[in-house]
Amino acid sequence: MIKLDPNLCKGCNICMEFCPKKVYEQSKTLDKKGVHIPIPKNQDKCSKCNLCALMCPDQAIKVEEDDEQ
Amino acid sequence: MEETNESPFMKYLRKDRLPNIFCAGCGNGTVLNAFFKGMEMAQMDLNNINMASGIGCSSRIPGYVKCDSLHTTHGRPISFATGIKLGNPNMDVVVFTGDGDAAAIGGNHLIHGARRNIDLTVICINNSIYGMTGGQISPTSPQGSYGSTAPYGAFERPFDLAELVSAAGATYVARWTTAQPLQLANAIKNALNNKGFSFVEAVSQCHTYYGRKNKMKSPLEMLRWMKDNSINKRKADKMNPEELVGKLIVGEFVNKNQAEYSQELYNLIEEKSGNRSKSIKSAYMGD
């Protein structure tokens, strides 16, 4: 499960670029800051490598391990 | 886990100051994450870490971290950090500095810190330009790059900071870019564990000034440029200098063991004044 804090995200899209599984997609609508923030849409593809959480310059992403594992 | 929506690094940050002041996509945040990751890998306690920083974008980092920190004058963080380390040698002192801070105005402090081999961890965030003041050319701007003080391209030769500090006598030197955060975290782990002057150069993106003046407007373009142009040191050692023009050499430059300055100094005090030195030290320690 990927959780993205929309209050911290500034919409730089580094997570979208560096995700090896292409989990993120850009949102169609603007948020209150006027940026297109990424949405973790294809969560079933996520391999929990945590690269997005490590690269996020604004500490907005958390990758949770699934409960059943 | 009670706070489910927060980043794993949020527990080290001062939440009331977030979101941080950096531009969207600035590499400073990535270096900060890599530092926390390296600190976790080195099993260090944040309460025992003292940060020092000078002036610049990258030097604002310690203000966001829940630990003791000094925000000092321009170019002098290594001098202040030397003071902290000699005052309390049990402290782990980390210096966050930028390229203008470390190489331009604080160049002498940097090389003399390395010469003394005092136990500091210096993380230099090198974005190749003066980002805070408006995009002036810094001592590490590559030859031919544009800036607001070089509208026809910089013709000066840049400093190679990792080689400079290696030559000055540091015992751990590494260089990685923000496009390789795991390697950077590993280098920071080794730097924290090393007893002696450790220097980690984190080549970072400043798309707002460096990128905009050099046809890489977005942070993604700058990250792709860094990823495509970085060559590991082991491979670069076998290549000609002509092939390495415009490339970033990354990797571990130095990793050796040598006598450490604060340890030597305290040994000398112990030898010359014996028990008297202990009473002086205990007055500061509070017991």
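Bear in mind that the values here come from a model prediction, so they are computed numbers and not experimental data.

K.L.:
Outline the overall build of chain B, listing residues and values.
P.N.:
When helices and strands are counted, chain B shows 11 helices and 10 strands. Computed over C-alpha atoms, the radius of gyration of chain B comes to 19 Å, within 12% of the 19 Å expected from 2.2 N^0.38 for 287 residues, which places it in the range of a compact globule. Taken along the three principal axes of its C-alpha coordinates, chain B extends 65 × 50 × 35 Å. Partitioning the contacts of chain B with sequence separation of at least 6, the portion at a separation of at least 24 is 65%.

K.L.:
Give a description of the nonpolar core that names residues and reports values.
P.N.:
Residues and elements named next belong to chain B. In this structure, Val95, Ile123, Ile188 and Phe199 are the most contacted members of the largest nonpolar core, which totals 85 residues. Filtering out sequence-adjacent residues up to four positions away, Val95 remains in contact with Ala52, Ser53, Pro77, Ile78, Ala81, Leu120, Thr121, Val122 and Ile123. Listed in part, the 6 residues of the second largest apolar core include Ile129, Tyr130, Cys206 and Tyr210.

K.L.:
Could you give an account of the interface of chain A and chain B, with specific residues and numbers?
P.N.:
You'll often see interface size given as the accessible area lost when the parts meet. Contacts between the two partners involve 19 residues from chain A and, on the opposite side, 26 residues from chain B. For the side of chain A that touches chain B, the elements supplying multiple residues, two or more each, are α1 (14-18), α2 (51-55) and β4 (61-63) of chain A. Examining the composition of the side of chain A that touches chain B, we find that 3 residues originate from one element, α2(A), more than from any other.

K.L.:
So, unusual backbone geometry: which residues are in play, and what are the values?
P.N.:
Residue and element names in this part refer to chain B. A cis amide bond, omega 0°, links Leu18 with the succeeding residue Pro19. Note on placement: Pro19 falls in the segment before α1 (27-41). Not every positive phi belongs to a glycine, and Gln43 is a case in point at roughly 55°. Checked against the element boundaries, Gln43 lands in the loop between α1 and β1 (49-53). Residue Gln43 is classed as exposed on the basis of its 9 C-beta neighbours within 10 Å. Backbone geometry places Asn117, a non-glycine residue, at a positive phi of 55°. Looking at the secondary structure, you find Asn117 in the loop between α4 (107-116) and β4 (120-126).

K.L.:
Help me get a handle on helix α10 (residues 261-273) of chain B, residues and values and all.
P.N.:
Its 13 residues give α10(B) an end-to-end C-alpha distance of 18 Å, which sits within 8% of 18 Å, the value for a rise of 1.5 Å per residue. Downstream of α10(B) by a residue or two, Gly274(B) has a phi angle that is positive, lying close to 55°.

K.L.:
Help me get a handle on the pairing of strand β10 (residues 248-255) of chain B, residues and values and all.
P.N.:
Along any regular strand the residues' side chains alternate between the sheet's two faces. Residues and elements named next belong to chain B. In this structure, strand β7 (residues 172-177) lies alongside β10, joined through 4 bridges in antiparallel fashion. By the bridge assignment, Arg175 is partnered in β10 with Gly251. With 3 bridges connecting them, strand β9 (residues 230-232) and β10 associate as parallel partners. Each residue of the ladder has a partner; that of Ser230, found in β10, is Leu248.

K.L.:
Which residues make up helix α6 (residues 181-193) of chain B, and what values do they have?
P.N.:
In this model α6(B) runs 18 Å from its N-terminal to its C-terminal C-alpha over 13 residues, within 8% of the 18 Å that 1.5 Å per residue would give. For α6(B), every residue scored as buried is listed here: Pro181(B), Leu184(B), Ala185(B), Ala187(B), Ile188(B), Lys189(B), Ala191(B) and Leu192(B).

K.L.:
Mind laying out the pairing of strand β3 (residues 92-98) of chain B, listing which residues take part and the relevant values?
P.N.:
All names here are of chain B. Counting buried positions along β3 gives 7 out of 7 residues, so the element sits mostly inside the fold. Of the two faces of β3, the one holding Asp92, Val94, Phe96 and Gly98 and the one holding Val93, Val95 and Thr97 are both buried throughout. For β1 and β3, the ladder comprises 5 bridges, and the chain directions are parallel. The residue bridging Asn50 from the neighbouring strand is Val93, located in β3. Sheet topology places β3 next to β4; 6 bridges connect them, and they run parallel. If you follow Gly98 over to β4, its bridge partner there is Ile125.

K.L.:
Can you break down the packing of α1(B) against α6(B) residue by residue, with the values?
P.N.:
Residues and elements named next belong to chain B. Their axes nearest at 7 Å, the elements α1 and α6 cross at an angle of 50°. Between α1 and α6, the angle is such that the two are oblique. Handedness of the crossing formed by α1 with α6: right-handed. In this structure, α1 uses Thr30, Asn33, Ala34, Phe35, Lys37, Gly38, Met39 and Met41 to contact α6, whose residues at the interface are Pro181, Leu184, Ala185, Asn186, Ile188, Lys189 and Leu192.

K.L.:
Lay out the environment of Lys33(A) with the relevant residues and their values.
P.N.:
Along the chain, Lys33(A) turns up in the loop between β2 (24-26) and β3 (38-40). Each C-alpha atom, one on Lys33(A) and one on Pro6(A), is 9.7 Å from the other, the two residues being 27 residues apart in sequence.

K.L.:
Which residues make up the sheet that holds strand β8 (residues 198-203) of chain B, and what values go with them?
P.N.:
All names here are of chain B. Here 8 strands make up an open sheet; going across it, the order is β2-β1-β3-β4-β8-β7-β10-β9 and the pairing mixed. At either margin of the open sheet sits one strand with a lone partner, and together these are β2 (68-71) and β9. Put simply, the sheet's adjacent strands are angled 20° from each other on average, direction ignored. Docked against the sheet, helix α2 (residues 77-87) engages β1, β2, β3 and β4, running at close to 175° with respect to β3.

Parameters and conventions
Residues numbered from 1 in each chain as written. Chains lettered and ligands numbered in written order. Predicted model: local features only at pLDDT ≥ 70, side-chain atom pairs only at ≥ 80, totals over all residues. Helix = DSSP H or I, 4+ residues; strand = E, 2+ residues; numbered from the N terminus. Rg over C-alpha atoms; globule rule 2.2 N^0.38 Å. Contact = placed C-beta atoms within 7 Å. Core = buried A, V, L, I, M, F, W, Y, C linked by C-beta atoms within 7 Å. Buried ≥ 20, exposed ≤ 12 C-beta atoms within 10 Å, placed from the backbone. Expected span 1.5 Å × (residues − 1). Pairing = 2+ DSSP bridges. Axes fitted to C-alpha atoms, helices over the stretch in contact; angles between N-to-C directions. Parallel < 35°, antiparallel > 145°, perpendicular 65-115°, else oblique. Left-handed = near helix turned anticlockwise from the far one by under 90°.

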